[in-house]
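What the coordinates show
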Amino acid sequence: MSTLVKVQSKGQMTIPRRVRSAVGLVDGDFVEVKAVGNKIVITPQLVIDRSKFPTADDEYTPAQRRLIDARLAQSDEDIKHGRVFGPFNTHKEFVAALRRRDGRVKKKS
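My aim in this report is to walk through the structure given alongside it, one point at a time. The structure presented is a predicted model; accordingly, all values stated were derived computationally and were not measured. (Residues numbered from 1 in each chain as written. Predicted model: local features only at pLDDT ≥ 70, side-chain atom pairs only at ≥ 80, totals over all residues. Heavy atoms only, no water.)

**Regarding the overall build of the protein**
Applied cut-off: Secondary structure elements follow DSSP: runs of H or I no shorter than four residues count as helices, runs of E no shorter than two count as strands, and numbering proceeds from the N terminus. Using C-alpha atoms as the atom set, the radius of gyration is obtained and then compared with a globule rule of 2.2 Å times the number of residues to the power 0.38. Between buried and exposed lies partly exposed: a residue is buried under 20% and exposed over 50% of the maximum accessible area for its type, with that area taken using a 1.4 Å probe on protein chains only. Contact between two residues is taken to exist if any of their heavy atoms lie within 4.5 Å; hydrogens are not considered.
Helix and strand content of the protein: 4 helices and 2 strands. If you list the helices and strands of the protein from N to C, you get α-β-β-α-α-α. Its C-alpha atoms give the protein a radius of gyration of 30 Å, more than 25% over the compact-globule value 13 Å for 109 residues. Once the C-alpha set of the protein is aligned to its principal axes, its extents read approximately 85 × 40 × 25 Å. Relative to its 109 residues, the protein shows a buried fraction of 2%. Nonlocal contacts in the protein, meaning residues at least 24 apart in sequence, comprise 2% of its contacts between residues at least 6 apart.

Below, the structure is given as structure tokens:
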């Protein structure tokens, strides 16, 4: 589809309705404008408004948030005092450490 439009004094132009409809452009949409050789290419762009996405604060009740914060604080304390395991070179080392920690040490026959 091709249409002739006039560029105004400030570089503005109107994209005809049938061209906007053909590519799904509506009021408020963003487009990328770039020069390719001696042509101008206008490409519709999807811009995500992150403010419309829920945050962790929206997903948890205040009581749940306090519990999560307390557990995270405890994890920080464990790390500071060296109550951590690893790094492990193999998954078998990791599983063995978990079993020792749980008190379920299984001896090989």
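**Concerning a nonpolar patch on the surface**
Quick reminder of the rule: To count toward a patch, a residue needs a relative accessible area above 30% and no salt bridge. Like charges then connect within 9 Å, nonpolar side chains (Val, Leu, Ile, Met, Phe, Trp, Tyr) within 5 Å. In short, Shrake-Rupley with a 1.4 Å probe defines the accessible areas, and a residue's cover is counted only from the protein chains shown. Here, a salt bridge means any side-chain nitrogen of Lys or Arg that lies within 4 Å of a carboxyl oxygen of Asp or Glu.
On the surface, a nonpolar cluster with roughly 580 Å² of combined accessible area is contributed by Val 5, Val 7, Met 13, Val 31, Val 33, Ile 40 and Ile 42. Secondary-structure elements contributing two or more residues to the nonpolar patch are strand 1 (30–36) and strand 2 (39–45). Mapped onto the elements, Met 13 comes out in the segment before helix 1 (17–23). The exposure class assigned to Met 13 is partly exposed, which follows from its relative accessible area of 38%.

**A closer look at helix 3 (residues 62–80)**
Put simply, the rule is: To estimate how far a helix should reach, multiply one less than its number of residues by 1.5 Å.
The end-to-end C-alpha distance of helix 3 is 27 Å, a good match for the 27 Å that 19 residues give at a rise of 1.5 Å each. Two residues or fewer past helix 3, Gly 82 is found with a positive phi of approximately 75°.

**Some words on the packing of aromatic side chains**
Convention followed: The aromatic pairing rule takes the rings of Phe, Tyr and Trp, using the six-membered ring of Trp, and pairs them if the centres are within 6.5 Å, calling planes under 30 degrees apart stacked, those over 60 edge-to-face and the rest tilted.
Enumeration according to the criterion identifies 1 aromatic pair in this entry. With 5.5 Å between their ring centres and 65° between their planes, Phe 88 and Phe 94 make a pair best called edge-to-face.

Take it as geometry only, folks, not as evidence of what the structure does.
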